[in-house]
Amino acid sequence: MTEQINHSPAVSATLVTHETTAGMSDGKKGFIFALAAYLLWGILPFYLKSVAHMPAMEVVAHRIIWSVPIAGALLWWLGLFGDLKIALTTPRMLAMATLTASLITLNWGTYVWAIGSGHAIDTALGYYINPLVNVVLGGIFLGERLSKPQMVAVALAACAVILLTVYSGGLPWISLVLAFSFGFYGFFRKTLPIGPTQGFMLEVLLLSIPSLGFIFWTVSQGTSHFFNGNAHDIGLLLFAGPATAVPLILYAFGAKLLRYTTIGLMQYIAPTIVFLSAIFIFGEPFSHIQFIAFALIWSALAIYTWSMLHDARKVRLAATA
């Protein structure tokens, strides 16, 4: 789902100007881009439900393969293939991209499997926890000092995890894998000195090699839903590319034009849609213990969001003083 990424000036300069001929401001354009991305991420489980009869890794492999031509076409349109060539010939960038690609594959694989297996509520919890995981990672690895409200928010989230662990008989591993894999992905992605579109293309290029190998293996085993399946399955797998690439690209453009606080508030849109869909459409069971855990998480996010808005307001006041 959402991605913490760097933003190349070349991308924003090419795609957007400060004012369009229609008079739409950068802020409005950014809001539309980001909103479209989060709405698409919110309804992604409906697509994943349609491919639930296929192995999760086969779906992930096709997500990767069919994202390559989309990202490649965008890079060609923006004239950014030069950045990709530099990345492909820089060992350090290749090593870091391999790490981020591995993390996002773990995230995608877990998410695809969880939705198809009836654990959409757990995925929503994971992406609610993710912003608080980012705060903890910043404190541990970047030496960022957590404010008192942030510490309270993290403590409430930890209480929710402990509650679910005690009453469910085990860690909520789906939620934790999603939250931490995406948290570490965002952390390491920030250190990759390349724009969002070029970075995405680099990652899917690296992942396309093992993905093609996996697809050929399914063909040799006679289990491929693409080569041995019906037209419906082939169409669903072809759609995996745009379902993956389009929201990521929209998000990259939107995040470049919006304030961090705005993106911070909008990031709750997708897990909220998934949460409501899981209960009212997919019919997943929702126990009173889960309700208490979610209430703790929502309280933590409210405190975290208030703290984020408060800090942003202080920065604006200091800038105008």
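Residues numbered from 1 in each chain as written. Predicted model: local features only at pLDDT ≥ 70, side-chain atom pairs only at ≥ 80, totals over all residues. Heavy atoms only, no water.

Asks: What should I look at first to understand the UniProt feature "domain: EamA" (unreviewed entry) in the chain in this one?
Replies: Mapped onto the present numbering, the UniProt feature "domain: EamA" (unreviewed entry) falls at residues 29–165. Structurally, residues 29–165 comprises 86% helix and 0% strand, and the distance from its first C-alpha atom to its last is 42 Å. (UniProt positions renumbered as here; feature names shortened; annotations may be inferred. Helix = DSSP H or I, 4+ residues; strand = E, 2+ residues; numbered from the N terminus.)

Asks: Where do I start with the packing of helix H6 (residues 91–116) against helix H10 (residues 196–221) in this structure?
Replies: Working note: a packed helix pair is described by the angle between its axes plus the distance between those axes. Two elements in contact, H6 and H10, have axes whose closest approach is 9 Å; the angle formed by their N-to-C orientations is 75°. What the angle tells us is that H6 and H10 run roughly perpendicular. Between H6, through Met93, Leu94, Ala97, Thr98, Thr100, Ala101, Ile104, Thr105 and Trp108, and H10, the contact on the second element is made entirely by Phe200, Leu202, Glu203, Leu206 and Leu207. Its residues placed into classes, the contact of H6 with H10 shows ten nonpolar, three polar and one charged. (Axes fitted to C-alpha atoms, helices over the stretch in contact; angles between N-to-C directions. Parallel < 35°, antiparallel > 145°, perpendicular 65-115°, else oblique. Contact = heavy atoms within 4.5 Å. Nonpolar A, V, L, I, M, F, W, Y, C, P; charged D, E, K, R; others polar.)

Asks: Please explain the pattern of salt bridges as it appears in this structure.
Replies: Throughout the structure, instances matching the rule amount to one salt bridge. Arg189 is the salt-bridge partner of Glu203, the closest N and O atoms lying 3.5 Å from each other. Taken together, the residues span a long stretch of sequence, with Glu203 in helix H10 and Arg189 in helix H9 (residues 173–189) at a distance of 14 residues. Each member of the pair, Glu203 together with Arg189, is buried. (Salt bridge = Lys/Arg side-chain N within 4 Å of Asp/Glu carboxyl O. Buried < 20%, exposed > 50% of the residue type's maximum accessible area, 1.4 Å probe, protein only.)

Asks: Help me understand the nonpolar core, please; the structure alone is not making it clear to me.
Replies: A general trend in soluble globular proteins is that nonpolar side chains are found buried together. Counting residues in hydrophobic clusters, the biggest one holds 90 residues, and the most contacted among them are Tyr38, Tyr47, Leu48, Tyr111 and Ile297. Apart from the residues within four sequence positions on either side, Tyr47 is in contact with Leu236, Leu237, Phe239, Ala240 and Ala243. (Core = buried A, V, L, I, M, F, W, Y, C linked by side-chain atoms within 4.5 Å.)

Asks: I'm lost on the packing of aromatic side chains in this one. Help?
Replies: Tallying each qualifying case throughout the model produces 25 aromatic pairs. Arranged with centres 5.2 Å apart and planes meeting at 75°, the rings of Phe187 and Phe188 form a pair that is edge-to-face. Look at Phe294 and Trp298: their rings are 5.5 Å apart centre to centre, the planes differ by 55°, and that puts the pair in the tilted class. Placement of the pair is Phe294 and Trp298 together in helix H14 (residues 288–320), with a separation of four residues, close to one helical turn. Taken together, the aromatic side chains of Tyr128, Phe275, Phe286, Phe291, Phe294 and Trp298 make up a single cluster linked through ring pairs. Directly above the aromatic system of Phe282 lies the positively charged group of Lys49, at a separation of 4.9 Å from the ring centroid. Here Arg63 stacks its cationic end above the ring of Trp108, 4.7 Å away from the centre of that ring. (Phe/Tyr/Trp six-rings, centres within 6.5 Å; stacked < 30°, edge-to-face > 60°. Lys NZ or Arg CZ within 6 Å of the ring centre and 35° of its normal.)

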